[in-house]
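# A look at the structure
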Amino acid sequence: RKKRRAGLCPLTPEEIALALQALGIDRNIQIYIASRKIYKGESMMGHLNEAFPNLVRKETLLDRSSLEPFRSHANAMAAMDYIVAVESDIIVPTFDGNMAFAVDGHRRLIESF
């Protein structure tokens, strides 16, 4: 609880849904989940799924045979998430980690040209 109150935990899927709704994001937008683990697990995804039914992951966009060569390579799997994040219209990092910093820096660099 102490870490959560200090803002040191990722947003829950419910908090993400509430933030996106407050921003007026169209509920039919496609949302790519670039995460291996969801805060408190998949059981927490109900509200986000209900609010934004068009949720996808690399595992739902690619067939099993296309993804299989990369499954045992965490860096390659993360690279796929990175590419999608860099090319997305909107990115909502829910955890202030290296991926969020790298994507933000990349997007800012590209915008400066």
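What comes next is a walk through the structure. (Residues numbered from 1 in each chain as written. Predicted model: local features only at pLDDT ≥ 70, side-chain atom pairs only at ≥ 80, totals over all residues. Heavy atoms only, no water.)

So, about the overall build of the protein chain. When its secondary structure is counted, the protein chain shows seven helices and two strands. When its helices and strands are written in sequence order, the protein chain yields α-α-β-α-β-α-α-α-α. A principal-axis box enclosing the C-alpha atoms of the protein chain has dimensions of 40 × 35 × 30 Å. When the 113 residues of the protein chain are sorted by exposure, 25% land in the buried category. Contacts in the protein chain between residues at least 24 apart in sequence constitute 50% of all its contacts with a sequence separation of at least 6. Accessible area for the protein chain stands at about 8,300 Å²; split by element, carbon and sulfur atoms hold 55% of it. The centroid of the 15 positive side-chain charges in the protein chain is displaced by 11 Å from the centroid of its 14 negative side-chain charges. (Helix = DSSP H or I, 4+ residues; strand = E, 2+ residues; numbered from the N terminus. Buried < 20%, exposed > 50% of the residue type's maximum accessible area, 1.4 Å probe, protein only. Contact = heavy atoms within 4.5 Å. Areas by Shrake-Rupley, 256 points an atom, 1.4 Å probe, with all protein chains shown as cover. Lys, Arg positive; Asp, Glu negative; His and termini not counted. Charge placed at Lys NZ, Arg CZ, Asp CG, Glu CD.)

With their axes 10 Å apart at the nearest point, helix α6 (residues 74-87) and helix α7 (residues 98-111) run at an angle of 40 degrees to one another. Relative to α7, α6 is oriented oblique. The two elements α6 and α7 cross, and the hand of that crossing is right-handed. Between α6 and α7, the residues in contact are Ala 78, Asp 81, Tyr 82, Ala 85 and Val 86 and Met 99, Ala 102, Val 103, His 106 and Arg 107, respectively. (Axes fitted to C-alpha atoms, helices over the stretch in contact; angles between N-to-C directions. Parallel < 35°, antiparallel > 145°, perpendicular 65-115°, else oblique. Left-handed = near helix turned anticlockwise from the far one by under 90°.)

Attention now moves to the nonpolar core. Core analysis: the biggest nonpolar cluster contains eleven residues, these being Ile 16, Ala 17, Leu 20, Ile 31, Ile 33, Ile 38, Met 45, Leu 48, Ala 51, Phe 52 and Leu 55. Elements supplying a minimum of two residues to this core: α2 (13-22) and α3 (46-51). With three residues, the top contributor of residues to this core is α2. What Ile 16 contacts, discounting residues up to four positions off in sequence, is Leu 11, Leu 48 and Thr 94. (Core = buried A, V, L, I, M, F, W, Y, C linked by side-chain atoms within 4.5 Å.)

With that out of the way, let us pick up the side chain of Arg 107. Topologically, Arg 107 is positioned in helix α7. There is no salt bridge for the buried Arg 107, and the closest opposite charge comes from Glu 111, which lies 5.2 Å off by N-O distance. With sequence-adjacent residues up to four places away left out, Arg 107 is seen in contact with Ala 85, Val 86, Ser 88, Asp 89 and Ile 91. (Salt bridge = Lys/Arg side-chain N within 4 Å of Asp/Glu carboxyl O.)

Examined against the element boundaries, Leu 23 turns out to sit in the loop between α2 and β1 (31-32). Distance from Leu 23 to Glu 87, taken between C-alpha atoms, is 20 Å for residues 64 residues apart in sequence.

The next point concerns α2. Buried within α2 we find Pro 13, Ile 16, Ala 17 and Leu 20. For α2, the angular spread of buried residues about the axis comes to 100 degrees, placing them on one side. On its buried face, α2 is in contact with β1 and α3. Directly after α2, the chain includes Gly 24, whose backbone phi takes a positive value near 75 degrees. (Arc of directions from axis to C-beta.)

Any link to function would need more than the numbers given here.
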